[in-house]
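Breakdown of the fold
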Amino acid sequence: MPDKIPADSVGLVTPRTQHFDQLLALDCGRSLAAYDLIYETYGTLNADASNAVLICHALSGDHHAAGYHSPSDRKPGWWETCIGPGKPIDTNRFFVVSLNNLGGCKGSSGPNTLNPATGKMYGPDFPIVTVRDWVESQARLGEVLGIYQWAAVIGGSLGGMQALQWAIQYPDRVRHCVVIAAAPKLSAQNIAFNEVARQAILSDPDFHKGRYYEHDLVPRRGLMLARMLGHITYLSDDAMRAKFGRELREGKLNFGFEEAEFQVESYLHYQGRAFVDRFDANTYLLMTKSLDYFDPASLHNHDLVSALAQVQAKFLVASFTSDWRFSPARSREIVQALLRNRKTVSYVEVTANQGHDAFLMPIPQYIQAFHAYMAHVGAEAAV
Amino acid sequence: MSDPKKLRTDLALITEWIKPGAHILDLGCGDGTLLVHLRNLRQVTGYGLEIDEDEIVQCLAAGISVIQTDLDEGLSDFEANAFDYVIMTDTLQAIRCPDKMLMEMLRIGREVIVTFPNFGHWQARLQLLFGVMPISRALPDEWYNTANIRLCTLQDFEDLCDELGIHILQRAVVDPNHQSSLAMRLMPNLMGEIALCRLGKRA
């Protein structure tokens, strides 16, 4: 943590865990008899519970979206740029709920938690959960917290898909839906990238069919490769060129394969290693499957317009010009389907060279537009 | 592009032409002033299209639905007859293909309302007679920095509508102070600084 907590940070936060005994039937046909969800909240819920905002996390995200867990934390939560006093998701105004999704690895029930039926880690036995399943579990968490209708459900990337699914699944329980750098479904190219990432994990000899915990092992190489590949797709060509170019670590070629020679290699190795220390390989597999399966239009003859016909939420959709993983064209598909339904929607296409990762960055145009929209949401909630 | 005086001129007249509760698309909506006005006075629904980032932030702050769009990329995202009115104020002259734009607007809207500076106004003619590009309240920029690449006179516009089979349902000319006069009504192409037209498909 910085020496002094910045005035626009929520400061020290403590996660809480909610246990559920109510059976959760899943899309895959299986069910969870009981499960835990870990979550954080920032700000204060008002008397009529009209100022609640739900944050949905992306593939590698978790419940820790803002603030610090302890004074020794080096970094704040993953969306510190957008959540806090005076920020777009203004904790002076909103009661913000952020959870770790089912199947995650940061405290909610998932592959690295105990299966009550066996007394062992779930590992590969944890069912594959879908975006729809997540929304169901999030709705239950909201109910426990006294929230029936959200002022806004907000997410970027896979989180944006959850926000979109919320508006479809519970039309009367979402007033505003903020969908950032997302898509109505993955393209073949997206699924292809996910499959390479999965194969990297599955083919790691330390993977042991997902039961690596029992061998006291971690499929480090596989998970690291998966993350390195993912990271390339989150950045743009321009961003990589600007950041690394062809810069060499030692200023000369070494004519070998052992060490990273180019700065970009070193960067990817660092990102991969850091990820292995904080993430679980089985969760990575699950999250990529949730991404691949998401396709709300598939239940409506593959027509997104009819999939969104019952939506009541007002939408803000945002994309970033250099994002090629979830390109602006994919966001415009959502916008177009909403327009055709005469739904209330605004769309911003932010000029940014950071690629998909731009949704986490303090880009002035993005922050200002997000801020203006949320101020409007807040003013509505206060009435 | 949006001189506040000029916008007010457009506003009052356009508002008179709009039926209550209409579904509207405002092309080049700026900070959303017209849509806010129409929302309050005519309870309209709909969207603004805008490319300028700062203007978009203003729209969002005002609670106006705005879609960031480059109008030169066309309106193919919209279905035929999706709107009761498609409005374009003081922007047609800055579009690369105004003729195609007009046809597109009439495809997606039942009616179209456009406003544009009349290049046939006597002050413009007089300045050209002296050999210089016109500068006026309706045309404030120099030739080298103006966004107005497709200037036309009211007569030119009417000729184009004729050629495209567009029906002019209603027409008005005003000066930037929202004044109209007998002279303007008698000689619109000479005396009108800003032209407003309500257009429909020829039956």
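So, here is what we can say about the structure in this document. (Residues numbered from 1 in each chain as written. Chains lettered and ligands numbered in written order. Predicted model: local features only at pLDDT ≥ 70, side-chain atom pairs only at ≥ 80, totals over all residues. Heavy atoms only, no water.)

**Describing the nonpolar core**
In terms of nonpolar packing, the biggest core is built from 114 residues, with Tyr284(A), Phe315(A), Leu27(B), Val114(B) and Phe157(B) touching the most fellow members. Contact partners of Tyr284(A), with chain neighbours within four places excluded, come to Leu59(A), Ala197(A), Ile201(A), Leu223(A), Ala226(A), Arg227(A), Tyr234(A), Phe275(A) and Phe279(A). By size, the runner-up hydrophobic cluster in this structure holds 62 residues, among which are Phe94(A), Met374(A), Leu34(B) and Ile87(B). (Core = buried A, V, L, I, M, F, W, Y, C linked by side-chain atoms within 4.5 Å. Buried < 20%, exposed > 50% of the residue type's maximum accessible area, 1.4 Å probe, protein only. Contact = heavy atoms within 4.5 Å.)

**Overview of the pairing of strand S1 (residues 23–27) of chain B**
Residue and element names in this part refer to chain B. Among the five residues that make up S1, five are buried, leaving the element largely enclosed by the rest of the structure. Strand direction decides the pairing type here: S1 and strand S2 (residues 45–50), joined by five bridges, are parallel. In the sheet register, Leu27 faces S2, and the bridge partner there is Leu49. Examined bridge by bridge, S1 and strand S4 (residues 83–89) share three bridges and lie parallel to one another. From the neighbouring strand, Ile24 faces S4, where its bridge partner is Tyr85. (Helix = DSSP H or I, 4+ residues; strand = E, 2+ residues; numbered from the N terminus. Pairing = 2+ DSSP bridges.)

**Focus on the pattern of salt bridges**
When the charged atoms of two side chains with opposite charge come close together, those side chains can pair. Residue and element names in this part refer to chain A. According to the stated counting rule, one finds 22 salt bridges over all chains in the structure shown. Measuring nitrogen to oxygen at the nearest pair gives 3.8 Å for the salt bridge that ties Glu80 to Lys87. When its relative accessible area of 11% is taken as the criterion, Glu80 is described as buried. Judged by its relative accessible area of 9%, Lys87 is buried. With a closest N to O distance of 3.0 Å, Glu143 and Arg173 form a salt bridge. With Glu143 in helix H1 (residues 131–144) and Arg173 in the loop between helix H2 (158–169) and strand S10 (176–180), this residue pair connects regions lying 30 residues apart in the sequence. The exposure class of Glu143 is partly exposed, given its relative accessible area of 44%. Each of Asp27, Arg132 and Asp133 takes part in a single network of salt bridges with overlapping partners. (Salt bridge = Lys/Arg side-chain N within 4 Å of Asp/Glu carboxyl O.)

**Observations concerning the packing of aromatic side chains**
Residue and element names in this part refer to chain A. With the rule as written, the count across this model stands at 19 aromatic pairs over all chains. On the basis of an interplanar angle of 45 degrees and a centroid distance of 5.5 Å, the ring pair of Trp166 and Tyr170 is categorised as tilted. Overall, the relative accessible area of 16% leaves Tyr170 in the buried class. Put simply, the rings of Trp78, Trp79, Phe320, Tyr366 and Phe370 pair up and form one aromatic cluster. Taking NZ or CZ as reference, Arg173 lies 4.8 Å from the ring centre of Tyr170, over its face. (Phe/Tyr/Trp six-rings, centres within 6.5 Å; stacked < 30°, edge-to-face > 60°. Lys NZ or Arg CZ within 6 Å of the ring centre and 35° of its normal.)

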